[in-house]
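# Reading the structure
Here is what each chain is made of, one letter per residue.
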Amino acid sequence: MRPHDVGFDEFYGYYPAQKEISQRFDPRRFPGLVLNPERLAAFEAFGPTDALTHGFKGGPTKELAKTAIALLACYNAAHVDYLFPTAGARAGSGCCCRADGGGEG
C-alpha cells in the first residue's frame, strides 16, 4: 500500500529508503547482491519503484523521475524546495536533475 492510500493526503518522495535504492550499486558493501546477477535481478523485481513519486489521496500518482545514485542528493534538494517553497533560493534552485532523470537541467 502507498502512504496516500492509508491515511496521508499527499505523498512526495521515495517509497523505499535510500539505503535500499543505493545498496545495489556498492560491491564493497554488498558483494553478495551486486556481483550475483540472479540475486540482483530478484532484488530489483521485488518491491516498490525507486522513482521520485508524487501522489494524492483518491487522485493521480506520478513517477516524477527515475532515481540514479548520482542524483539522490539533487532529488533531496528538490524535495526541500517542494516542502518549503517560501524559503527563497534553496539547495534545489539550479539543481542538476531534470524530470526525466538526466543531469544538467
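Here's what I pulled together on the structure shown here. (Residues numbered from 1 in each chain as written. Predicted model: local features only at pLDDT ≥ 70, side-chain atom pairs only at ≥ 80, totals over all residues. Heavy atoms only, no water.)

### With respect to the overall build of the protein
A count of helical and extended segments in the protein gives four helices and three strands. Ordering the α and β elements of the protein from the N terminus gives β-α-α-α-β-β-α. Contacts spanning at least 24 positions in sequence make up 45% of the contacts within the protein whose residues lie at least 6 apart. Surface exposure of the protein reaches about 6,800 Å², of which carbon and sulfur atoms provide 58%. (Helix = DSSP H or I, 4+ residues; strand = E, 2+ residues; numbered from the N terminus. Contact = heavy atoms within 4.5 Å. Areas by Shrake-Rupley, 256 points an atom, 1.4 Å probe, with all protein chains shown as cover.)

### A look at the side chain of threonine 53
In this fold, threonine 53 is placed in strand β2 (residues 52-56). A polar contact of 2.9 Å, which involves the side chain of threonine 53, links it to the backbone oxygen of alanine 51. (Polar contact = N/O pair within 3.5 Å; in protein donor to acceptor, adjacent residues only side chain to side chain.)

### Observations concerning the environment of leucine 52
With respect to the element layout, leucine 52 can be found in strand β2. Overall, leucine 52 belongs to the buried group, its relative accessible area being 4%. Taking C-alpha positions, leucine 52 is 8.2 Å from tyrosine 15, a pair spaced 37 residues apart along the chain. (Buried < 20%, exposed > 50% of the residue type's maximum accessible area, 1.4 Å probe, protein only.)

### Focus on the pairing of strand β3 (residues 61-65)
Looking at chain direction, β2 and β3 are connected through four bridges and run antiparallel. Residue threonine 53 lies in a different strand from β3, and its bridge partner there is glutamate 63. Remark: four residues form the turn of the hairpin made by β2 and β3, two consecutive strands paired antiparallel; glycine 58 in that turn has positive phi of roughly 70°. (Pairing = 2+ DSSP bridges.)

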